[in-house]
Amino acid sequence: MKLNAFGDVCLRTLMILGARPDRQMTGRDIADAVGTPYNHVSKAILELKRRGALDVTRGRNGGARITEAGLALSIGALLRDLDTQTDIVDCTGQDSPNGHACPLLEGCRLRHSLARAREAFYAELDGTTVADLTGSDAVVRLPMPSLPAR
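The shown structure was predicted, so the numbers you read here are calculated from the model rather than taken from an experiment. (Residues numbered from 1 in each chain as written. Predicted model: local features only at pLDDT ≥ 70, side-chain atom pairs only at ≥ 80, totals over all residues. Heavy atoms only, no water.)

## Here's the deal with the environment of Tyr-38
Selection rule: Under the scheme used here, helices are H or I runs from DSSP no shorter than 4 residues and strands are E runs no shorter than 2 residues, and both carry numbers assigned from the N terminus. A contact between two residues is defined here by any heavy atoms of the two lying within 4.5 Å.
Following the sequence through the fold, Tyr-38 ends up in helix α3 (residues 38-50). Spatially, the C-alpha atom of Tyr-38 lies 5.8 Å from that of Arg-28, the residues being ten residues apart in sequence. Apart from residues no more than four positions distant in its own chain, Tyr-38 is found in contact with Gly-27, Arg-28 and Ala-31.

This is the structure in structure tokens:
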């Protein structure tokens, strides 16, 4: 099972903000901290704001801060909701180079087994929250801001 890129960026954003819930960070600071392009992080911030996981302030002193709802957010529920892939394997041929469906599609049981395995993956993460991943025992190293030259 592989997370899609957007879900990964959303999780990284939540974790970096959840490590210091009292701290507000700009999108650029988050992008630098998690090693992800700024435009990907800004899309994640907008989506997480829409879900109530982040408070976002615009302007010169603006930035994003995680909310209580963001800390309580279920990792499994978030990833399940952000997963746009319909099947683990493309049986229909829509994404294959030749465009042909698998000849075993009609009687195949693998597709249903893989769907159950995917749901088991998310179900395992349902009980894990952002706060669980960023609590006092989690190690998240934030970059130190550079000091201005004297």
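## Quick look at the nonpolar core
We apply this condition: Residues belong to one nonpolar core when they are buried, are Ala, Val, Leu, Ile, Met, Phe, Trp, Tyr or Cys, and are joined through side-chain atoms within 4.5 Å. Relative accessibility decides the category of a residue: with a 1.4 Å probe and only protein chains considered, values under 20% of the type maximum give buried, values over 50% give exposed, and everything between is partly exposed.
Of all hydrophobic cores here, the largest spans 25 residues; its most connected members are Leu-14, Leu-17, Ile-30, Val-41, Leu-48, Leu-54 and Ile-66. Among the elements of the structure, α1 (5-18), α2 (27-34), α3, β2 (63-66) and α5 (75-82) are those that each provide at least two residues to this core. Considering every element that reaches this core, the biggest residue donor is α1, with six residues. Those residues in contact with Leu-17, other than ones at most four positions away along the chain, are Arg-23, Met-25, Ile-30, Leu-54, Ala-64 and Ile-66.

## So, the packing of aromatic side chains
Applied cut-off: The criterion for an aromatic pair is that two Phe, Tyr or Trp rings (for Trp, the six-membered ring) have centres within 6.5 Å, with stacked assigned to planes under 30 degrees apart, edge-to-face to planes over 60 apart and tilted to the rest. Only when the NZ atom of a Lys or the CZ atom of an Arg is both within 6 Å of the ring centre and within 35 degrees of the ring normal do we say a charge sits over the ring.
The tally for this structure, following the rule as stated, stands at one aromatic pair. The interplanar angle of 65° and the centroid separation of 5.4 Å between the aromatic rings of Phe-121 and Tyr-122 together place this pair among those described as edge-to-face. The residue whose ring lies beneath Arg-28 is Tyr-38, and the NZ or CZ to ring-centre distance is 3.9 Å.

## Points about the pattern of salt bridges
The cut-off we apply is this: Each reported salt bridge corresponds to a side-chain nitrogen of Lys or Arg within 4 Å of a carboxyl oxygen of Asp or Glu.
Evaluation of the coordinates by the stated rule reveals eight salt bridges. A salt bridge links Glu-47 to Arg-51; the shortest N-O distance between them is 2.6 Å. Between Asp-83 and Arg-118 there is a salt bridge, with the nearest N and O atoms lying 3.2 Å from each other. With Asp-83 in the loop between α5 and α6 (110-126) and Arg-118 in helix α6, this pair connects stretches of sequence that are 35 residues apart. For Asp-83, a relative accessible area of 19% puts it in the buried group. With relative accessibility at 12%, the residue Arg-118 sits in the buried group. Ionic contacts of the salt-bridge type, sharing partners, join the residues Glu-47, Arg-50, Arg-51 and Asp-81 into one network.

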